[in-house]
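Chain by chain, the residues run as shown.
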Amino acid sequence: MVNKLIRRRKIEIILVLLFVIISIPLWQYLEKELNARLTNALEKETKLELALNHVGGYDNVIVNNAYTVDKKYELLLITNKNCNDLTITMNQSKYLLANFFKEKGENNYVYTLAIDDIKGSRKGYKIILNLENKDISYYYKLEELTYF
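Below or above, wherever it landed, is the structure these notes cover. (Residues numbered from 1 in each chain as written. Predicted model: local features only at pLDDT ≥ 70, side-chain atom pairs only at ≥ 80, totals over all residues. Heavy atoms only, no water.)

**Some points on the packing of aromatic side chains**
Here is step 1: Within the structure shown, the criterion is met by 2 aromatic pairs.
Here is step 2: Taking 5.7 Å as the distance between ring centres and 70° as the angle between the ring planes, the aromatic pair formed by Tyr-95 and Phe-100 counts as edge-to-face.
Here is step 3: The class of Phe-100 is buried, set by a relative accessible area of 15%.
Here is step 4: Plain terms: the ring middles of Tyr-138 and Tyr-140 are 5.8 Å apart, the flat faces sit at 80° to each other, and that makes the pair edge-to-face.
Here is step 5: A relative accessible area of 29% places Tyr-138 in the partly exposed class.
Here is step 6: The ring of Tyr-109 carries Lys-104 above its face, with NZ or CZ at 4.8 Å from the centroid.
Here is step 7: Against the face of Tyr-58 rests Lys-126, its NZ or CZ located 4.6 Å from the ring centre. (Phe/Tyr/Trp six-rings, centres within 6.5 Å; stacked < 30°, edge-to-face > 60°. Buried < 20%, exposed > 50% of the residue type's maximum accessible area, 1.4 Å probe, protein only. Lys NZ or Arg CZ within 6 Å of the ring centre and 35° of its normal.)

Structure follows, in structure tokens:
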């Protein structure tokens, strides 16, 4: 009888040890998975907004961060043709587009107009492109930069 009790206790101890050994990696996996999901949810919830309007002969481009999370972004101008010889006026300062960082895409050219940080505020850019009598289509794009 005593041998049966000892044997049962040994089996119980072995089962508890197996449960603990198996559950440790499971809890680590679940913690990692939950943290990744939380990070993705927060990232989607606190996205930067790009507001555009064309008034008075200029493009009013506004970057909005309604949250107190510090975000780094870049403002891009995407054109269908090479515009290196054109000038751009941003916030009453005139620049040559050739002076901006440019990447050649598949069917377009991407100019990086601004790289900046924003936290709980709005930043506006008053942009005038010198596109008179040009057959160039363009649009603006906002990309959030993340560094790990």
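Having put the structure on the table, let's press on.
**Focus: a nonpolar patch on the surface**
Here is step 1: On the surface, Ile-11, Ile-14, Leu-15, Leu-18 and Ile-22 cluster together into a nonpolar patch covering about 490 Å² of accessible area.
Here is step 2: The topology assignment puts Leu-18 in helix 1 (residues 2-45).
Here is step 3: Leu-18 sits in the partly exposed class, given a relative accessible area of 44%. (Patch = residues over 30% accessible without salt bridge, like charges linked within 9 Å, V, L, I, M, F, W, Y side chains within 5 Å. Areas by Shrake-Rupley, 256 points an atom, 1.4 Å probe, with all protein chains shown as cover. Salt bridge = Lys/Arg side-chain N within 4 Å of Asp/Glu carboxyl O. Helix = DSSP H or I, 4+ residues; strand = E, 2+ residues; numbered from the N terminus.)

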